[in-house]
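Coordinate inspection notes
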Amino acid sequence: EVALQTQPLLDVYDTVLLPALSYAKEDRQQGILTATDVQEMVQATREIVEDLATHPSGATPEVDARAEEDGAAGGPLMPLPVLGCPARDDIDALAVRLLEQVCDPTRVAVALLPPRLLPFDVIARVAETQPALLCLGAVVPGGVPHVRYLCKQLRARFPSLPLVVGCWGASEPVA
């Protein structure tokens with residue numbers, strides 16, 4: 001709440017929530033947190049994110065101005081259909097939800113896949129929904145090998161589908 005008073009929602013996600021999710025994954029890997037601890041933290045963070053979706057700072061003036069421009073130009077264009085795919089777990093799913101929340105809904109319609117889908121299931125969902133773009137998201141540590149494998153499978157099946165990969169929490173670029 002304090003950060004929201006001085007920073008835009010996107011910056012709060014970048015400086016507060018995403019680092020917290022990354023630290024939780026790291027602490028779980030090191031045995032500092034239990035699986036139950038992480039699930040409770042994810043649930044609490046999910047509730048915060050849902051509250052922020054209705055927070056006045058959630059709608060930026062730029063988004064509101066673009067919506068007005070679209071309306072003045074004869075009506076809004078259809079939003080670009082984007083499929084959001086978490087790499088592995090609930091933390092990755094929450095990060096992809098953050099991405100969805102900061103997208104302009106007049107320009108982008110993000111449908112979120114559930115976590116823990118097998119690559120076969122992701123490919124089936126892509127074939128079914130035919131998105132204009134697929135966004136794979138992982139909070140590091142973890143998830144990167146799975147994202148690489150999934151990208152190879154998706155590229156083989158859908159060579160023209162644009163793929164965007166977000167690896168949040170990495171201190172260095174992930175190759």
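Residues numbered from 1 in each chain as written. Predicted model: local features only at pLDDT ≥ 70, side-chain atom pairs only at ≥ 80, totals over all residues. Heavy atoms only, no water.

Moving on to the nonpolar core. Among the nonpolar cores identified, the biggest contains 20 residues, and Y13, L21, I91 and L98 are the most heavily contacted of them. Among the elements of the structure, α1 (2-6), α2 (9-29), α3 (35-53) and α5 (90-102) are those that each provide at least two residues to this core. If you tally residues by element for this core, the top one is α2, at seven residues. What I91 contacts, discounting residues up to four positions off in sequence, is L21, A24, K25, V38, M41, V42 and V139. Within the second largest apolar cluster, 17 residues are counted, among which are L136, A138, L150 and L161. (Core = buried A, V, L, I, M, F, W, Y, C linked by side-chain atoms within 4.5 Å. Buried < 20%, exposed > 50% of the residue type's maximum accessible area, 1.4 Å probe, protein only. Helix = DSSP H or I, 4+ residues; strand = E, 2+ residues; numbered from the N terminus. Contact = heavy atoms within 4.5 Å.)

This paragraph deals with the side chain of D92. As for its placement among the helices and strands, D92 is situated in helix α5. Taking the relative accessible area as the measure of exposure, D92 reaches 0% and is therefore buried. Residue contacts for D92: discarding those within four places in its chain leaves K25, P86, A87, G137, A138 and V139.

Right, let's get into unusual backbone geometry. Note: most peptide bonds trans; most residues except glycine with negative phi. The residue after V140, namely P141, is reached through a cis peptide bond having omega 10°. Of note in this structure, R116 is not a glycine but carries a positive phi near 70°. Mapped onto the secondary structure, R116 falls in the loop between β2 (108-112) and α6 (119-129). The backbone of Q130 shows a phi angle near 45°, a positive value even though the residue is not glycine. In this structure, Q130 sits in the loop between α6 and β3 (133-139).

Moving on: the sheet that holds strand β1 (residues 80-86). What the four strands build is an open sheet, ordered β2-β1-β3-β4; its pairing is parallel. In this open sheet, the two edge strands, each paired with only one partner strand, are β2 and β4 (163-168). The average undirected angle you get between the axes of adjacent strands in this sheet is 25°. As defined by bridge partners, β3 adjoins β4 across six bridges and the pair is classed as parallel. (Pairing = 2+ DSSP bridges. Axes fitted to C-alpha atoms, helices over the stretch in contact; angles between N-to-C directions.)

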